Amino acid sequence: MKHENSITVRHLTKKYGTKTAVDDISFDVEAGTVFALLGTNGAGKTTAVKCLCGLTEPDAGEIGYDTETGLRAPMDCREHFGLSPQENAVGMHLTVEENLRLMGKIYGVPHIPERTEQVLAQFGLTEERRTRGKALSGGMGRRLSIAMALFSRPKVLFLDEPTLGLDVLARRELWKIVESLRGQTTVLLTTHYMEEAQALADRIAVMQKGKIAAMGTLEELREQSGTDSTASLEDIFVRIMEGGSV
Ligand SMILES: Nc1ncnc2c1ncn2[C@@H]1O[C@H](COP(=O)(O)OP(=O)(O)O)[C@@H](O)[C@H]1O
Ligand SMILES: [Mg+2]
């Protein structure tokens, strides 16, 4: 059984001055699955993502990616990552097409024109190809941000609040895109929308004040929180935050 591209996180800690943004968290993400960090504002989700993709150095703990050549640290496998940051990384003065090509150049992707056509079609962006970043709707901008993150065919994709501020239809469209990646790409997403974690994630870690308050599949979280089999993630979340049986 191959475990390539799985992620192992142990005792990850990151401080900003005296503030501990991520406080001794440990979890595993299986290759090809979708893992959600769920939590309210300030829980430490973005900080955890930045550590995981090598954008910031943790103060303590280990992060390992299982690769063909063994376990590697984030800095050693960044070329295999795709990131859609919380603040879109879309170039406002570049067109959709130019934004995509730029990713190709940064990552040294072969056959950029062909790959651009493919991604434009895959994300339903062909008609918008000459639209500048600043003229895109919120939903389209997010879609482009994720298309850019996937341009280099990353093995691990980070989506930080992929549907923040989107309307219901735009959100559902992005959910479909994430669904289509299952089995091929390891996806780590953050969200504060319960229904998003419930709809997309194979496993969920509930973050609170930098710590993981509970973790598991939806069924496991129900059990841990003592809620019944019909409980939504929202019921579970409330129970956990109220200091239920977890
Ligand atoms: N660059 C920074 N400098 C100082 N404090 C920060 C910085 N980034 C985040 N924080 C603090 O760390 C905590 C976690 O923030 P963040 O990781 O952005 O949470 P989330 O993404 O869950 O909203 C918050 O209290 C936030 O104010
Ligand atoms: Mg955040």
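Here, every reference points to the structure presented above.
These notes cover the structure that comes with them. Note that the coordinates shown come from a computational prediction; the quantities given were computed from them, not determined experimentally.

Parameters at a glance
- Residues numbered from 1 in each chain as written.
- Chains lettered and ligands numbered in written order.
- Predicted model: local features only at pLDDT ≥ 70, side-chain atom pairs only at ≥ 80, totals over all residues.
- Heavy atoms only, no water.
- Helix = DSSP H or I, 4+ residues; strand = E, 2+ residues; numbered from the N terminus.
- Rg over C-alpha atoms; globule rule 2.2 N^0.38 Å.
- Contact = heavy atoms within 4.5 Å.
- Areas by Shrake-Rupley, 256 points an atom, 1.4 Å probe, with all protein chains shown as cover.
- Lys, Arg positive; Asp, Glu negative; His and termini not counted.
- Charge placed at Lys NZ, Arg CZ, Asp CG, Glu CD.
- Buried < 20%, exposed > 50% of the residue type's maximum accessible area, 1.4 Å probe, protein only.
- Pairing = 2+ DSSP bridges.
- Patch = residues over 30% accessible without salt bridge, like charges linked within 9 Å, V, L, I, M, F, W, Y side chains within 5 Å.
- Salt bridge = Lys/Arg side-chain N within 4 Å of Asp/Glu carboxyl O.
- Axes fitted to C-alpha atoms, helices over the stretch in contact; angles between N-to-C directions.
- Disulfide = S-S within 2.5 Å.

What follows is about the overall build of the protein chain. Each helix and strand counted, the protein chain has eight helices and ten strands in total. The C-alpha radius of gyration of the protein chain comes to 18 Å, within 12% of the 18 Å expected for a compact globule of 246 residues. By principal-axis analysis of the C-alpha atoms, the protein chain measures approximately 55 × 40 × 40 Å. Across the protein chain, the fraction of contacts at a sequence separation of at least 24, relative to all contacts at a separation of at least 6, is 65%. In the structure as shown, the protein chain presents an accessible area of about 11,800 Å², 50% of it carried by carbon and sulfur atoms. In the protein chain, 29 positive and 34 negative side-chain charges are present, and the distance between their average locations comes to 5 Å.

Within strand β3 (residues 34-38), five of the five residues are buried, which leaves the element mostly enclosed by the surrounding structure. Here β3 shows no split at all, with Val34, Ala36 and Leu38 on one side and Phe35 and Leu37 on the other all buried. Summarising the sheet, β3 and strand β8 (residues 186-191) pair through five bridges and their orientation is parallel. When the bridges of β8 are listed, Leu37 appears paired with Thr190.

Together, Leu102, Ile106 and Tyr107 give the surface a local cluster of nonpolar side chains, amounting to about 280 Å² of exposed area. On the secondary structure map, Tyr107 appears in helix α2 (residues 96-107).

Once that is clear, we can look at the sheet that holds strand β1 (residues 7-16). Judged by pairing direction, the sheet is antiparallel, and its four strands sit side by side in the order β2-β1-β4-β5 without closing on themselves. For this open sheet the edge positions go to β2 (19-29) and β5 (70-72), each flanked by a neighbour on one side alone. In this sheet, adjacent strand axes meet at a mean angle of 25° when their direction is disregarded. Direction of pairing for β1 relative to strand β4 (residues 60-67): antiparallel, over a ladder of five bridges. The residue bridging Ile7 from the neighbouring strand is Tyr65, located in β4. Contacting β1, β2 and β4, helix α1 (residues 45-52) crosses the sheet at an angle of about 120° to β1.

Summed over the entire model, instances satisfying the criterion amount to zero disulfides. In this model Cys51 remains outside any disulfide bridge; the closest cysteine sulfur is found in Cys53, 8.7 Å from its own.

The side chains of a regular strand alternate, first on one face of the sheet and then on the other. Sheet analysis places strand β9 (residues 203-208) next to strand β10 (residues 211-216), joined by five bridges and oriented antiparallel. Residue Met207 lies in a different strand from β10, and its bridge partner there is Ile212. Connecting the antiparallel pair β9 and β10 is a turn made up of two residues, with Lys209 showing a positive phi of about 50°.

Ordered by their spatial adjacency, six strands build an open sheet running β6-β7-β8-β3-β9-β10, and the pairing between neighbours is mixed. The open sheet has two free edges, formed respectively by β6 (81-84) and β10, since each of these has just one partner strand. Pairwise comparison of adjacent strand axes, ignoring direction, gives a mean angle of 15° for this sheet. Taken together, the five bridges between strand β7 (residues 156-160) and β8 define a ladder with parallel strand orientation. By the bridge assignment for β8, Asp160 is matched with Thr190. Those strands touched by helix α5 (residues 168-181) are β3, β7 and β8, and its axis lies near 150° from that of β8.

For the rest of this paragraph, the subject is the environment of Val9. Its location among the elements puts Val9 in strand β1. Of the residues examined, Val9 reaches a relative accessible area of 0% and is grouped as buried. The spacing of Val9 and Glu62 is 53 residues in sequence and 5.8 Å in space, taken between C-alpha atoms. Apart from residues lying up to four places away in sequence, Val9 is in contact with Ile25, Ser26, Phe27, Asp28, Leu52, Glu62 and Ile63.

Turning next to the environment of Leu200. By secondary structure assignment, the location of Leu200 is in helix α6 (residues 194-200). In this structure, the C-alpha to C-alpha distance between Leu200 and Arg222, residues 22 residues apart in sequence, is 17 Å. Residues in contact with Leu200, not counting those within four places in the same chain, are Val34, Trp175, Val178, Glu179, Arg182 and Leu189.

So yeah, pure geometry; function would need other evidence.
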